[in-house]
Amino acid sequence: MKLIAIETNSGVPKYKQIITSIERTIENGILKKDEKLPSINKVCMEFSLSRDTVLLAYDELKKRGIIYAILGKGYYVKSTQIAIQQKIFLLFDELNIFKEDLYNSILHNIGKNAQVDIFFHHFNSTVFEKLINDAYGNYTKYIIMPTSLPNAGDFIKTLPVNEVYILDQTNEQLKNYPAVYQNFTKDIYEGLLKGITRLKKYNKLIMIFPGFREPLGMKIGFEKFCTDQQFDFEIMTEFKKQELKKGDVYVIPNDRDLVQVIEKSKTQGFQIGKDFGVISYNETPLKKIVANGITTISTNFEAMGKIMAQMILKGKKEQIENKSSIIFRNSL
């Protein structure tokens, strides 16, 4: 039995007919896992097709994870799960509780006909480059979280331009790619502005900004707010042996620093929200109850994941700024 059937006058592109034929033979059990497909040259000769046409079909099946190639030997069946229409490469910086919400939202909204493989670069440019290189040609879509890694744009440009989506952070180098992103400068400025009445009760605003993982836009937005609204302010790169001062407000992007500030308040006998204020970044369930409630500036990660999934499913190419808000609790 022929594994591939081509109808000359069907109106269906021939590369799609090749894909459909192979899917049907796998579905019917004629082609099984690890069995070899007809070579590209054989298909070309049998149906008088160009090499590019057959290669396009095989590449599409390869991206979906249905077949795989062995250099110099040919193509083989990798998976019998032909219902998978999208095989997605998802590259995160790190996994934490709010990124987990983002990941779960993408999975929930992308549907059962998509396979999502998640990887982490841990803010390491070498790891980022290697993961991009290893993923090339093996996926139908690439969702990339570049953070502020240097040369991230150069690595991303090696991927098929129409298959790349940017998540969480973008920049001028990536402006031509569809994206769902946070506007950190605007978000922190507007969040603080909404809390200005509360903030005026304090003496000084202090941001703890290590600057390694945290987006620079946070710092820029904080500085602009304090300057525009004439607040006394300070930016420190770490909080270790510092003493808390009554009447100050700490703006804390990193949860590790938040824990240190809370621990320090206990040793000094200070009450958060009374002796000093705290504004955290990125909402998590624990911040509703820790220290009687932590005020938080945060984007909606579930909404971000849903928008990204819908953009891929509908084939849209947009740049969407995800909404942010401030959640007032007893720490301010």
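Residues numbered from 1 in each chain as written. Predicted model: local features only at pLDDT ≥ 70, side-chain atom pairs only at ≥ 80, totals over all residues. Heavy atoms only, no water.

1. What to know about the environment of Ser331
- With respect to the helices, strands and loops of the structure, Ser331 is situated in the segment after strand S14 (324-327).
- Separated by 40 residues in sequence, Ser331 and Ala291 place their C-alpha atoms 7.5 Å apart.
- Ser331 has contacts with Tyr202, Ile272, Gly273, Phe276, Gly277, Val278, Gly293, Ile294 and Thr295, leaving out every residue within four places of it along the chain.
- For Ser331, the side chain forms a polar contact with the main-chain oxygen of Val278, separated by 2.7 Å. (Helix = DSSP H or I, 4+ residues; strand = E, 2+ residues; numbered from the N terminus. Contact = heavy atoms within 4.5 Å. Polar contact = N/O pair within 3.5 Å; in protein donor to acceptor, adjacent residues only side chain to side chain.)

2. Observations regarding the sheet that holds strand S5 (residues 141-144)
- Across the sheet, 6 strands lie side by side as S4-S3-S5-S6-S7-S13; this open sheet has parallel pairing. Either end of the sheet is taken by a strand with one partner, and the two such strands are strand S4 (114-120) and strand S13 (319-321). Across the sheet, the axes of successive neighbouring strands diverge by a mean angle of 15°, strand direction being ignored.
- Sheet analysis places S5 next to strand S6 (residues 164-168), joined by 3 bridges and oriented parallel. Looking at the pairing, Tyr142 lines up with Val164 of S6.
- Docked against the sheet, helix H11 (residues 301-314) engages strand S3 (86-92), S5, S6, strand S7 (179-181) and S13, running at close to 170° with respect to S6. (Pairing = 2+ DSSP bridges. Axes fitted to C-alpha atoms, helices over the stretch in contact; angles between N-to-C directions.)

3. Structural notes on the packing of helix H2 (residues 40-47) against helix H3 (residues 51-63)
- At a minimum axis separation of 9 Å, H2 and H3 run at an interaxial angle of 125°. Classified by the angle between their axes, H2 and H3 sit oblique to one another. Once H2 is placed against H3, the crossing between them reads as right-handed. Of the residues in H3, those in contact with Ile40, Asn41, Val43 and Cys44 of H2 are Arg51, Val54, Leu55 and Tyr58.
- In the contact of H2 with H3, the residues fall into 6 nonpolar, 1 polar and 1 charged. (Parallel < 35°, antiparallel > 145°, perpendicular 65-115°, else oblique. Left-handed = near helix turned anticlockwise from the far one by under 90°. Nonpolar A, V, L, I, M, F, W, Y, C, P; charged D, E, K, R; others polar.)

4. Overview of the environment of Lys42
- By the element assignment, Lys42 lies in helix H2.
- Sequence separation between Lys42 and Val54 is 12 residues, and the spatial gap between their C-alpha atoms is 9.9 Å.

5. A few points about the sheet that holds S14
- An order of S9-S8-S10-S11-S12-S14 is seen for the 6 strands of this open sheet, with the pairing classed as mixed. Each having just a single partner strand, strand S9 (233-236) and S14 make up the two edges of the open sheet. Within the sheet, the average angular offset between the axes of one strand and its neighbour, ignoring direction, is 15°.
- One ladder, built from 3 bridges, connects strand S11 (residues 277-281) with strand S12 (residues 295-299); its direction is parallel. Paired with Ser280 across the two strands is Thr296, which belongs to S12.

6. Observations concerning the pattern of salt bridges
- If you walk through the whole model with that rule in mind, you get 14 salt bridges.
- Ionic pairing is found between Lys175 and Glu172, a salt bridge with its closest N-O pair at 3.0 Å.
- Residue Glu172 is classed as exposed on the basis of its relative accessible area of 58%.
- Residue Lys264 is joined to Glu243 by a salt bridge in which the shortest nitrogen-to-oxygen separation is 3.0 Å. You can see Lys264 sitting in helix H10 (residues 255-268) and its partner Glu243 sitting in the loop between S9 and strand S10 (248-252), a full 21 residues away along the chain.
- Residue classification places Glu243 among the partly exposed positions, given a relative accessible area of 48%. (Salt bridge = Lys/Arg side-chain N within 4 Å of Asp/Glu carboxyl O. Buried < 20%, exposed > 50% of the residue type's maximum accessible area, 1.4 Å probe, protein only.)

7. Quick look at unusual backbone geometry
- One non-glycine residue, Ser48, adopts positive backbone phi at about 55°.
- Along the chain, the position of Ser48 falls in the loop between H2 and H3.
- Under the relative-accessibility criterion, Ser48 is labelled exposed at 68%.
- Phi at Gln230 takes a positive value of approximately 60°, unusual for a residue other than glycine.
- As for its placement among the helices and strands, Gln230 is situated in the loop between helix H9 (216-228) and S9.

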